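# Summary of the model geometry
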Amino acid sequence: MSLSGKVALITGGSRGIGRAIALALAGQGARVAICHHADPAAQETIAAINAVSGGIAVEADVSDEAQVRALFDAAEAQFGAVDILINNAGILYESPLVETEAADFDRVIAVNLRGSFLCAREIVRRGNAGRIINIASDLGILGREDMVAYTASKGGIIALTRTLARELAPDVLVNAIAPGSIETDMTSPATMSAEQIAKDLDTPLARFGQPEEIASMAVYLAGPESGFITGQCFGVNGGSVMH
Ligand code: NAP
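Residues numbered from 1 in each chain as written. Predicted model: local features only at pLDDT ≥ 70, side-chain atom pairs only at ≥ 80, totals over all residues. Heavy atoms only, no water.

Attention now goes to the sheet that holds strand E4 (residues 84-87). Taking strand neighbours across the sheet as the criterion, the 7 strands line up as E3-E2-E1-E4-E5-E6-E7 in an open arrangement whose pairing is parallel. What marks the edges here is a single partner per strand, and that holds for strand E3 (55-59) and strand E7 (233-236). Adjacent strand axes in the sheet meet at a mean angle of 20 degrees, parallel and antiparallel pairs treated alike. In this sheet, E3 lies alongside strand E2 (residues 31-36) in parallel orientation, the contact comprising 5 bridges. Bridge pairing in E3 links Cys35 to Val58. Against the sheet, helix H1 (residues 16-27) makes contact with strand E1 (7-11), E2, E4, strand E5 (131-135) and strand E6 (173-179), and its axis sits at roughly 170 degrees relative to E1, the strand it touches most. (Pairing = 2+ DSSP bridges. Helix = DSSP H or I, 4+ residues; strand = E, 2+ residues; numbered from the N terminus. Axes fitted to C-alpha atoms, helices over the stretch in contact; angles between N-to-C directions. Contact = heavy atoms within 4.5 Å.)

Here is the structure:
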């Protein structure tokens, strides 16, 4: 088990991609703290984690500085210092530019980008960080009409990744995963318009990815076999972006 003895903190780990990452890291022996905003699914996720390793769920808004500190306090109290941070919590907001209120833009940037900054700063301030993995998006590279706040936040996460990789080397390795369209609540018709879903699926592989297909990349980037990799952004995207 490649992550035995490690402690991982996954923001937004109650469902979707974060849940799959939490379970995959636990499957490699890591003890896992997840945070969520207000998700009743969190306890079910913790039960699944506890079946293979150890886990706790903490309610915390990643955009709030004090709540981020309390989140790390809770993880440390349970498991000791956090080694691996997965900045995964995120929200989507679909709206044409001219109809996007400044408050909506600020809210998306606060959760997606400020939250990643706050959690990265917190783990490094506490001095035990080994790996930081930021969940960006292929849309942070491609752009997407009617998603100005979301795409800006995700482009920002890619820049944050590169800066932190330089600033924290050689002690902390910092990488990003930029998923394509993954089948979660975020890409369900309740959250995303039919037009956007159709655009998402217009890729060479022409299907949704599964959360577990992101989790396997996260396990690799958290583990000992990726020790010479930092500052990279990995597309797990069905071919939506090709460099
Ligand atoms: P999801 O199913 O909607 O889950 C989002 C998670 O983030 C939930 O656990 C949610 O908890 C948590 N969260 C939201 N706001 C939060 C806040 N303020 N503080 C703490 N936690 C918060 O989304 P997903 O599809 O798994 O997406 C996970 C990440 O992957 C996001 O960053 C997303 O942008 C990125 N991504 C997703 C896709 C995709 O196609 N699904 C593609 C590219 C990138 P609550 O429910 O308790 O609020």
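Next, the rest of the story.
For the rest of this paragraph, the subject is the site of the ligand. The full set close to the ligand counts 30 residues, and Arg15, Ala38, Tyr150, Ile182 and Thr184 are the nearest of them. The separation between an oxygen atom of the ligand and a polar main-chain atom of Asn88 is 2.7 Å. In the environment of the ligand, an oxygen atom lies 3.5 Å from a nitrogen or oxygen atom belonging to the backbone of Gly180. In the complex, the protein chains occlude 94% of the 890 Å² of accessible area that the ligand would expose alone. Where the shell around the ligand is concerned, the elements lending two or more residues are H1 and helix H6 (148-168). Classifying every residue of the shell around the ligand by side-chain character gives 13 nonpolar, 12 polar and 5 charged. (Near = heavy atom within 4 Å. Polar contact = N/O pair within 3.5 Å; in protein donor to acceptor, adjacent residues only side chain to side chain. Areas by Shrake-Rupley, 256 points an atom, 1.4 Å probe, with all protein chains shown as cover. Nonpolar A, V, L, I, M, F, W, Y, C, P; charged D, E, K, R; others polar.)

All quantities given are derived from atomic positions and should not be read as evidence of function.
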